[in-house]
Amino acid sequence: MTDLNDFQTFMTPNYGTPPIIMSHGIGSTLWDQNGRKFLDFAGGIAVSALGHSHPEMVSALTKQAAKLWHLSNTLANEPAIELAKALVQATFADRVFLCNSGAEANEAAIKAARRAAFNQSGIEKFEIICFDNAFHGRTIATVTAGGQAKYREGFGPMPGGFTHLPFNDCKSLDKTISEKTCAIMVEAIQGEGGVRPICPTFFEKIRAGCDRVGAALIVDEVQTGMGRTGKLFAYEHTSFEPDILTSAKSLGCGFPVGAMLCKNWIAKHFIAGTHGSTYGGNPLAAAVALKALALINTPEMNAAVTARSEQLQKGLHVLNKKYQLFQTIRGKGLLIGAVLESSYADKAHELVALGQKQGLLTLIAGANVHRMAPPLIISSTEIEDGLTRLECVYSDFKKLFSN
Ligand SMILES: *Cc1c(COP(=O)(O)O)cnc(C)c1O
């Protein structure tokens, strides 16, 4: 049997050693190598929106697998064209660039915004405004755009032209936006940064600022998109539209795929030869994402996510009345973060470990936030089951860490 010693021997140590080797999954349940069962409140970090082994997803993948895997972008394929069309029809966007991950979608967004500004206004309009605690991926440009210094440490020099401001702070935004601003890049809810929702007036300010100086509003919906918040994309909760939106994670529901969606005024500068990706838009990934979009983008799915969200948040508030571990519970849809009281600072990872003992998979979002991002198809019975397990987790945690 494959074991974790081999993980430690053969894999680079950048992830640390996980505690479990999983074997298979169905719906919101996973089984490890020894047949032990886990309820999935992590969803592969907001990826497995349709749970595991969804029959229609398996069928979309295997049908395409028997037909055509890869061509390169010198030839076109049906699923990629259909996916781009479906994404345009479902959103603000006019055009779509397909790639393989969230970081790549953000790289494409940065390059597209820079090129549009360069063509329209010249070499001086390059500044990209980003925010503290943001997360946009792990490539050199996207860790630069991100707002966590620890992800940049030791990888310098970093590319220039990125300015970081405090998140949800209108004053510093007003002071910083200028004719040099090429784009403002922001998450609808900072996911990795602690499940922090954007304040609606801040979002409005960003939109107005972009309009004033002719900058592109890039909304990173890699984590919040594809039904996660109870709408297809989280920007739909506001009355504003981005110029560029990035998607990945739940777009493939576990199959690697990313997309950069944009308006024509951006796309028209992304001419032949400006950008590319060998695997981007490959028929396998596109067929899977096309099916995911069809299954997720329905009023029924949005209603289910909203209902499960209310149930989960209500349950968490009840538990918190009893155990008093959290100062606040925040997020939207099925992206929920419970923020630990300062007396339990830096202990969110202990909650994840205790959860695993109870057969419940959860996440952290920074050192102080217990994050949950279950599959969107999770049932109310499973939410109830998860809350029962969470009660044991919080009770154990309290015994271990209160004094
Ligand atoms: C996960 C994430 C990314 C990076 O996606 P990868 O597929 O890991 O490259 C980018 N932005 C946000 C908001 C994310 O949550």
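Residue numbers run consecutively from 1 along every chain, following the written order of its sequence. At least 70 in pLDDT is required for a residue's local features to be given in this predicted model, at least 80 for side-chain atom pairs to be given and counted, and no such filter applies to totals for whole chains, interfaces and linings, which use all residues. Side-chain numbers here rest on the full set of heavy atoms in the structure, without hydrogens or water.

As a further point, take the overall build of the protein. Regarding its fold elements, the protein presents 13 helices and 17 strands. In terms of overall dimensions, the protein is globule-like: its C-alpha atoms have a radius of gyration of 21 Å, near the 22 Å expected for 403 residues. In terms of overall dimensions, the protein has C-alpha extents of about 60 × 55 × 45 Å along its principal axes. The contact criterion used throughout is that any non-hydrogen atoms of two residues lie within 4.5 Å. In the protein, of all internal contacts separated by at least 6 residues, the share reaching a separation of at least 24 is 71%. Here the Shrake-Rupley method, with its probe set to 1.4 Å, supplies the accessible areas, and only the displayed protein chains count as covering residues. A total accessible area of about 18,000 Å² is found for the protein, and carbon and sulfur atoms account for 55% of it. Counting 38 positive and 36 negative side-chain charges, the protein places the centres of these two groups 2 Å from one another. Secondary structure elements are defined from DSSP: runs of H or I of at least 4 residues count as helices, runs of E of at least 2 residues count as strands, and each element is numbered from the N terminus. The quantity called the radius of gyration is restricted to C-alpha atoms. Its globule counterpart is 2.2 Å times the number of residues to the power 0.38. His residues and chain termini do not enter the charge count, which takes Lys and Arg as positive and Asp and Glu as negative. Where a charge sits is defined by one atom per residue type, namely NZ (Lys), CZ (Arg), CG (Asp) or CD (Glu).

Moving on to the packing of helix α11 (residues 299–323) against helix α13 (residues 380–401). In the contact formed by α11 and α13, the axes pass within 10 Å of each other and the chain directions differ by 25 degrees. The angle between α11 and α13 places the two elements in the roughly parallel class. At the point where α11 passes α13, the crossing takes the right-handed sense. Across the interface between the two elements, R308, Q311, L312, G315, L316, L319, K322 and Y323 of α11 pack against S380, I383, E384, L387, L390, E391, Y394, S395 and K398 of α13. For this classification, Asp, Glu, Lys and Arg are treated as charged, while Ala, Val, Leu, Ile, Met, Phe, Trp, Tyr, Cys and Pro are nonpolar and the rest, including Gly, are polar. In terms of residue class, the contact of α11 with α13 is built from 8 nonpolar, 4 polar and 5 charged. Between N-to-C directions, angles span 0 to 180 degrees; the directions come from axes that are lines fitted to C-alpha atoms, helices contributing only their stretch in contact. Comment on the angle field: the value is read as roughly parallel under 35 degrees, roughly antiparallel over 145, roughly perpendicular from 65 to 115, and oblique elsewhere. Left-handed describes a crossing whose near helix is turned anticlockwise from the far helix through less than a right angle; right-handed describes the clockwise counterpart.

For each residue, the accessible area found with a 1.4 Å probe, counting protein chains only, is set against the maximum for its type, and the residue is called buried under 20%, exposed over 50%, and partly exposed in between. Summarising burial for strand β14 (residues 335–340): 6 of the 6 residues are buried, a large majority. Burial along β14 is two-sided: L335, G337 and V339 and I336, A338 and L340, pointing in opposite directions, are all buried. DSSP-based pairing: two strands are paired if at least 2 bridges between them are found. Where strand β13 (residues 326–332) and β14 come together, 6 bridges link them in antiparallel fashion. Directly across from R330, in β14, lies its bridge partner G337. Counting the residues that bridge the hairpin from β13 to β14 gives 2 residues, and of these G333 lies at a positive phi of roughly 55 degrees. Judged from the 4 bridges that link them, β14 and strand β17 (residues 369–372) form a sheet pairing that is antiparallel. Among the inter-strand pairings, I336 is bridged to a residue of β17, identified as M372.

Looking now at unusual backbone geometry. In this model, G156 is joined to P157 through a cis peptide bond whose omega is -5 degrees. Locating P157 in the fold gives a position in the loop between α6 (140–145) and β6 (162–165). With a phi angle near 50 degrees, V195 is a residue other than glycine that sits in the positive phi range. Turning to its location among the elements, V195 is positioned in the loop between β8 (189–190) and β9 (196–197).

Okay, the packing of aromatic side chains next. Any pair of aromatic rings gets described here by the distance separating the centres and the angle formed by the planes. Each aromatic pair joins two rings of Phe, Tyr and Trp (for Trp, the six-membered one) with centres within 6.5 Å, and gets the label stacked for planes under 30 degrees apart, edge-to-face for over 60, and tilted for any other angle. Within this structure, the stated rule accounts for 10 aromatic pairs. Arranged with centres 6.2 Å apart and planes meeting at 85 degrees, the rings of F97 and F270 form a pair that is edge-to-face. In this pair, F97 sits in strand β4 (residues 95–99) while F270 sits in the loop between α9 (264–267) and α10 (283–296), placing the two residues 173 residues apart along the sequence. Accessibility assignment for this pair places F97 and F270 in one class, buried. Taken together, a centroid distance of 5.3 Å and an interplanar angle of 70 degrees make the contact between F131 and F202 edge-to-face. Note that F131 is positioned in strand β5 (residues 127–131) and F202 in helix α8 (residues 200–213), a separation of 71 residues in sequence.

Turning our eyes to something else, we now look at the pattern of salt bridges. We count a salt bridge whenever a side-chain nitrogen from Lys or Arg sits within 4 Å of a carboxyl oxygen from Asp or Glu. Applying the stated criterion to the full structure yields 8 salt bridges. The salt bridge involving E241 is made with K263; its shortest N-O contact spans 3.5 Å. A residue pair is termed long-range when its members are at least 10 positions apart, and E241 in the loop between β10 (216–220) and β11 (244–247) and K263 in the loop between β12 (258–262) and α9 qualify at 22 residues. K263 sits in the partly exposed class, given a relative accessible area of 21%.

Turning next to helix α12 (residues 348–357). Every buried residue of α12 is accounted for by A348, L351, V352, L354, G355 and Q356. G359 occupies a position one or two residues after α12 and carries a positive phi of about 70 degrees.

Moving on to the pairing of β6. Pairing geometry for β5 and β6, over 4 bridges, is parallel. For C130, the partnering residue across the bridge sits in β6 and is H164. Tracing the backbone out of β5, into α6 and back to the parallel element β6 gives a crossover that is right-handed. Whether a crossover is right-handed depends on one test, that the path from the first strand over the helix to the second runs clockwise when the strands point away from the viewer.

A separate point is the sheet that holds strand β3 (residues 37–40). Read from one edge to the other, the open sheet built from 4 strands follows the order β1-β2-β3-β15, with strand pairing classed as mixed. Each edge of the open sheet is held by one strand with a lone partner, namely β1 (22–26) and β15 (360–361). With 2 bridges joining them, β3 and β15 adopt parallel strand pairing. Note on β15: the bridge partner recorded for D40 is L361. Relative to the sheet, α13 contacts β2 (29–32), β3 and β15, its axis offset from that of β3 by approximately 110 degrees.

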